[in-house]
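Residue-level structural notes
Listed below, chain by chain, are the residues.
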Amino acid sequence: MKAALVLGLAALTLLTPAATSALSVQEAILLAKPAVALVTAEVRGEVTLNCGRGTVTVRPTPFIETGTGWFVDGKGYLVTNAHVVEPAHRMPPWVIHELKKKAIDQACVDPALRAQGLMRGQRPDLEDSIRRDATARAMATAQLIPRPMLSVLLSSGVSLNAEVVKFSPPLAFDLNGKPSPEAGRDLALLRVKDDVYPAIRLSDREAQIGDPVHIIGFPGVVLSHELLNKSATLEASVTNGAVSGFKQDSIGQDIVQTDAAAAHGNSGGPAVGDDAALLGVMTFTTLTPSGGAIVQGFNFLIPARDVKKFLAGTPVMPGQSKFNDAWQAGLDALFAERYATAVARLAEANALQPNLADVRRVFAEAEARMKNPPPRPFPWAWATLGVTVLSVGVYGGMFGRRWWKNRFRIQPAQVIAAIESGRNPQLVDVRTKTDFETSPLRLPGAVRLDPDAVLAGQPEAEPSAEREQLVVVYDTSPGEATAEKVAQALRARGFKNIRILKGGLGGWTNARLPVESKSYLPSIGLEIYKNLTLGDLERRKFKSGELIVREGDDPRGEAFVVHAGSVQIRRTFDGVEKILSTLGEGELFGELALFRSAPRSADAVAATEVELLVLKAERLDWLIRNRPQLTAEVVRRLANWVVQTDRERALSNH
């Protein structure tokens, strides 16, 4: 007992890092990236001016400023830099001046150049002279009617109108080089229409020198580069680095220095750590002394604690989102190679906020892996650890955060342990009528209980067991949904020890535990059914006498399992058709053509109404390579055929 306890504690120590280890860089970025959006501040307008030939009204090219924003909660609140939205929010004088300059070029300069048969750039000296004269004449009296607009573009291509609900001005300087009295934290809180959005949570700890940093955003060079596809899906870019220092800005506010690369367009974007939590908000980069190119490696972040202060007094609940719950669960399942669960949770996330670029790509990957799972060896090390941990009763403790959901579930190995200990659990099959009738397998000694009758409250629909006896219900529905409903109903009737078989019938067979057939099945059929998931197999039905395959046909990479009815294998010798064999439920046929890479060697005809399961060549090959018992059954059957053929040849020679 002492040795078992020591071994169990050792196992617990080994398992603990797996439960508490940090996310991989890929997981951290994927968790945060869907919450990042492109923010555009656009100012359009009509300018009325007089170039000397009478008053005209023109619509100059709009002023556009782009930056990066990120959802801070799932209700529609985003954070970005104040300087990104300032042109549309406050329309500073320089924006109005810029629009008037564009209007002068459009209404005054271009017509004057065209009158002399010129275009912009052909005579720079003349063009500058015309522009100076037009500006002196029209600028002072030009009237602008502005039409500002603030929008948020998601990676799905959906554009949302936004409004500023809180604004802390950017750092600015007066003519004497002194900071403006209203200079603030350069943050803006935006609001878009109500919906369910991804969100990034704020880090609870202070950044440290050397902490990994991942800046996510929309640098202008990526959006506008001439060699990149402009019609491709909008997707944020990620640059990586580390915290490299701590500074203060001109008015004494703390900023975090990082060597992660950033450029115009990254402003307002999130910088997250390896735990996918916000470390800071990108605010400005360092320029060369001449004010020209960006010097990479010297970029600065507003720390997360200042973002928290900025959000104080608002209805924002940082990091809370229904989308996040489904998205993280889907990623966890995908990286744990639980592909069916990953597909279900990722589909849930996609339904909440459709077609986000990262969700769409990861969802497609999960679907592909679920349909074609990579072969994996039997996990002997984990099996040994599991038995050891179970022997000292600490296995369930390693999954504490999932305890509430799984508190009434029981592993197949635990059921076997209960049987061996004499607890005599009653196994109850609560599959739906359709699932029960289309699967030939069941757990040994299990009794059948109609789930619809139980949920309808029919008095006779309950196990014939004592109220204190261990009762284990199982099904084949995703997440044991049917079994969970039945267990809850039986618990309400007074059955105190109801448990749900984790993984259902599939979990039992995957654990390589014995099953029995509801009807007679050959041993090869039993092994095939134990290793197939009926739900993802194609089924074909044939009427009595209908030809299934013809001798000489291309096998098209398909073998078949007789699911219901019987099939005759026929071949013509010297003009006389002969029945070679009759195959019943659970029999495999058509595989010889796949093994030989040759045409069909005989006809297959439906002797009765037949339902077949179609077994693709790649699936059969995977089963042969990874399921030794099935391989042994196939070899045994081939050996019997060889012996039978030799006997028939010997008799024919006599």
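One can find the structure itself at the top, above this paragraph.
Residues numbered from 1 in each chain as written. Predicted model: local features only at pLDDT ≥ 70, side-chain atom pairs only at ≥ 80, totals over all residues. Heavy atoms only, no water.

The helix and strand tally for the protein chain stands at 21 helices and 29 strands. Classification of the 654 residues of the protein chain by burial places 43% in the buried group. Nonlocal contacts in the protein chain, meaning residues at least 24 apart in sequence, comprise 72% of its contacts between residues at least 6 apart. Carbon and sulfur atoms make up 54% of the accessible area of the protein chain, which amounts to about 33800 Å² in all. (Helix = DSSP H or I, 4+ residues; strand = E, 2+ residues; numbered from the N terminus. Buried < 20%, exposed > 50% of the residue type's maximum accessible area, 1.4 Å probe, protein only. Contact = heavy atoms within 4.5 Å. Areas by Shrake-Rupley, 256 points an atom, 1.4 Å probe, with all protein chains shown as cover.)

With that settled, the discussion passes to the nonpolar core. If you look at the biggest cluster of nonpolar residues, it comprises 62 residues, and the most contacted ones within it are Trp70, Val72, Val152, Leu190, Leu311 and Trp327. Per element, the largest residue contribution to this core is six residues, and it comes from helix H8 (residues 322-335). (Core = buried A, V, L, I, M, F, W, Y, C linked by side-chain atoms within 4.5 Å.)

With that out of the way, let us pick up the sheet that holds strand S19 (residues 471-474). Spatial ordering of the open sheet is given by S15-S20-S19-S16-S18, a layout of five strands whose pairing is parallel. Among the strands making up the open sheet, the edge pair consists of strand S15 (409-410) and strand S18 (447-448). Helix H16 (residues 481-492) contacts S15, S19 and strand S20 (498-501) of the sheet and is inclined by roughly 175° relative to S20. (Pairing = 2+ DSSP bridges. Axes fitted to C-alpha atoms, helices over the stretch in contact; angles between N-to-C directions.)

Let us look at unusual backbone geometry. Among all residues save glycine, negative phi is the norm, and among peptide bonds the norm is trans. Not every positive phi belongs to a glycine, and Glu337 is a case in point at roughly 65°. Since its relative accessible area comes to 37%, Glu337 is described here as partly exposed. Of note in the backbone geometry, Glu480 takes a positive phi value of approximately 55° without being a glycine. With respect to the helices, strands and loops of the structure, Glu480 is situated in the loop between S19 and H16.

Judged by how many residues are buried, strand S29 (residues 610-616) sits mostly within the fold: six of seven residues are covered. Relative to S29, strand S22 (residues 538-542) is paired through five bridges, and the arrangement is antiparallel. Its bridge partner lying in S29, Glu538 is registered against Val614. Note: strand S24 (residues 558-564) against S29, six bridges, orientation antiparallel. If you follow Ala559 over to S29, its bridge partner there is Leu615.

Another point: the packing of helix H2 (residues 25-32) against H8. Between two packed helices, the angle of one axis relative to the other and the distance separating the axes together describe the packing. Two numbers describe how H2 lies on H8: the axes approach to 10 Å, and their chain directions differ by 155°. In terms of orientation, H2 and H8 fall into the roughly antiparallel class. As for the relative orientation of H2 and H8, their crossing is right-handed in sense. Contact with H2, carried on its side by Gln26, Glu27, Leu30 and Leu31, involves Trp327, Gln328, Leu331, Asp332 and Phe335 of H8 and no other residues of that element. Residue classes in the contact of H2 with H8 are distributed as five nonpolar, two polar and two charged. (Parallel < 35°, antiparallel > 145°, perpendicular 65-115°, else oblique. Left-handed = near helix turned anticlockwise from the far one by under 90°. Nonpolar A, V, L, I, M, F, W, Y, C, P; charged D, E, K, R; others polar.)

Tracing the chain through its elements places Thr68 in strand S3 (residues 63-71). A polar contact of 3.1 Å, which involves the side chain of Thr68, links it to the backbone nitrogen of Phe218. (Polar contact = N/O pair within 3.5 Å; in protein donor to acceptor, adjacent residues only side chain to side chain.)

With that settled, the discussion passes to the packing of H8 against helix H9 (residues 339-352). Relative orientation of the contacting elements H8 and H9 amounts to 155°, with a least axis distance of 8 Å. In terms of their interaxial angle, H8 and H9 are classed as roughly antiparallel. Crossing of H8 against H9: the hand is left-handed. Contact with H8, carried on its side by Lys322, Phe323, Asp325, Ala326, Trp327, Ala329, Gly330, Leu331, Ala333 and Leu334, involves Tyr339, Thr341, Ala342, Arg345, Leu346, Glu348, Ala349 and Leu352 of H9 and no other residues of that element. Across the contact of H8 with H9, the residue classes break down as twelve nonpolar, two polar and four charged.

Summarising the element assignment, Ala483 is placed in helix H16. Classification of Ala483 by relative accessible area gives buried; the value is 0%. Between the C-alpha atom of Ala483 and that of Gly504, which follows or precedes it by 21 residues, the distance is 8.4 Å. Aside from chain neighbours lying at most four places away, what touches Ala483 is Val430, Val473, Tyr474, Asp475 and Ile500.

Remark on secondary structure: sheet strands pair via backbone hydrogen bonds, oriented parallel or antiparallel. Spatial strand order, S23-S28-S25-S26: four strands in an open sheet with antiparallel pairing. Across the chains shown, the open sheet's two edge strands, defined by having one partner strand only, are strand S23 (547-549) and strand S26 (576-583). Mean inter-strand twist for the sheet, computed between neighbouring axes without regard to direction, equals 35°. Relative to strand S28 (residues 603-606), S23 runs antiparallel, the two being bridged by two bridges. Note on S28: the bridge partner recorded for Leu547 is Val605.

Using the criterion set out here, one finds four aromatic pairs in the structure. Consider the rings of Phe71 and Tyr197, whose centres lie 4.5 Å apart with planes at 10°: the pair is stacked. Linking Phe71 in strand S3 with Tyr197 in the loop between strand S8 (187-191) and strand S9 (212-217), this pair joins segments that are 126 residues apart in sequence. We note Lys166 situated over the ring of Phe310; from NZ or CZ to the ring centre the distance is 5.1 Å. Here the guanidinium or amino end of Arg491 rests over the ring plane of Phe408, the centre of that ring lying 3.7 Å away. (Phe/Tyr/Trp six-rings, centres within 6.5 Å; stacked < 30°, edge-to-face > 60°. Lys NZ or Arg CZ within 6 Å of the ring centre and 35° of its normal.)

For Asp603, the position within the fold is in strand S28. Arg550 provides the closest opposite charge to the buried, salt-bridge-free Asp603, at an N-O distance of 5.6 Å. Among the polar contacts listed, one links the side chain of Asp603 to the backbone nitrogen of Glu551, at a separation of 2.6 Å. Contacts of Asp603, omitting those with residues within four sequence positions, involve Leu547, Val549, Arg550, Glu551, Gln568, Ile569, Arg570 and Glu577. (Lys, Arg positive; Asp, Glu negative; His and termini not counted. Salt bridge = Lys/Arg side-chain N within 4 Å of Asp/Glu carboxyl O.)

Moving on: helix H13 (residues 412-420). Taken together, the buried positions of H13 are Pro412, Val415 and Ala418. What you see down the axis of H13 is that its buried residues fit within an arc of 115°, all on one side. On its buried face, H13 is in contact with S15, strand S16 (426-429), S19, S20 and helix H17 (504-510). (Arc of directions from axis to C-beta.)

The final tally for this structure, using the stated rule, is 44 salt bridges. One salt bridge connects Asp429 with Arg448, and the closest N-O pair in it is separated by 3.6 Å. One end of the pair, Asp429, is in strand S16; the other, Arg448, is in strand S18, with 19 residues separating them in the sequence. The buried category is assigned to Asp429, whose relative accessible area is 2%. Owing to a relative accessible area of 31%, Arg448 belongs among the partly exposed residues under this scheme. A single network of salt bridges, built from pairs that share partners, joins Asp105, Asp110, Arg120, Glu127, Asp128 and Arg131.

This brings us to the environment of Leu190. Here Leu190 shows up in strand S8. Exposure remark for Leu190: the relative accessible area of 0% places this residue in the buried category. Distance from Leu190 to Asn161, taken between C-alpha atoms, is 9.8 Å for residues 29 residues apart in sequence. Not counting chain neighbours up to four residues away, the residues in contact with Leu190 comprise Val39, Gly76, Tyr77, Leu78, Thr80, Val85, Leu150, Val152, Ala162, Glu163, Val164 and Val165.

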